[in-house]
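Remarks on the overall topology
Here are the chains, one letter per residue:
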Amino acid sequence: PYRNADVAHVTRFIGMGNVGNPDKKQKYIYALNAKPLAKMTTEEKGSMPEDSTLCPYDYQPVKRPSAPSTEEAPLKKIKLERVDLTSLDK
């Protein structure tokens, strides 16, 4: 389990194997007992297991480039043409 930076509850991810995988360690089916957050009490949502870690997928906002200035060259327009692909069906 790992702690989320912006919410009080922990999250778990389960890695699954492919169906029919010959490696018995990589299971493709998993049984779990999950309780929806809407049905959890505030105490249940806030409880942290001792082995929980920080979220490995921490959200970092992406800085977007500003709009291009008018001094830059405009994008070239290209003409798209329809191609007949019926001859490839033969």
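Residues numbered from 1 in each chain as written. Predicted model: local features only at pLDDT ≥ 70, side-chain atom pairs only at ≥ 80, totals over all residues. Heavy atoms only, no water.

Digging into the overall build of the protein chain
Let me state the cut-off plainly: We count a stretch as a helix when DSSP gives it H or I for four or more residues in a row; a strand needs E for two or more, and each element gets its number in order from the N terminus. Exposed residues in this analysis have more than 50% of their type's maximum accessible area, buried residues have under 20%, and partly exposed residues fall in between, with area computed by a 1.4 Å probe over protein chains only. Working rule for contacts: check all heavy atoms of both residues, and any pair within 4.5 Å makes them a contact. Accessibility throughout is a Shrake-Rupley quantity obtained with a 1.4 Å probe, and a residue counts as covered only by protein chains that appear here.
Scanning the protein chain from N- to C-terminus turns up one helix and three strands. Counting every position in the protein chain, which comprises 90 residues, the buried fraction comes to 7%. Long-range contacts, defined here as pairs at least 24 residues apart, represent 55% of the contacts in the protein chain between residues at least 6 apart. Surface exposure of the protein chain reaches about 9500 Å², of which carbon and sulfur atoms provide 55%.

Some thoughts on the pattern of salt bridges
Selection rule: The term salt bridge refers to a side-chain nitrogen of Lys or Arg lying within 4 Å of a carboxyl oxygen of Asp or Glu.
Inspection of the entire model under this criterion finds one salt bridge. One salt bridge in this structure joins Lys35 and Glu44, with 3.1 Å as the shortest N-O distance. Lys35 gets classed as partly exposed once you look at its relative accessible area, which sits at 46%. By relative accessible area, Glu44 is classed as partly exposed at 32%.

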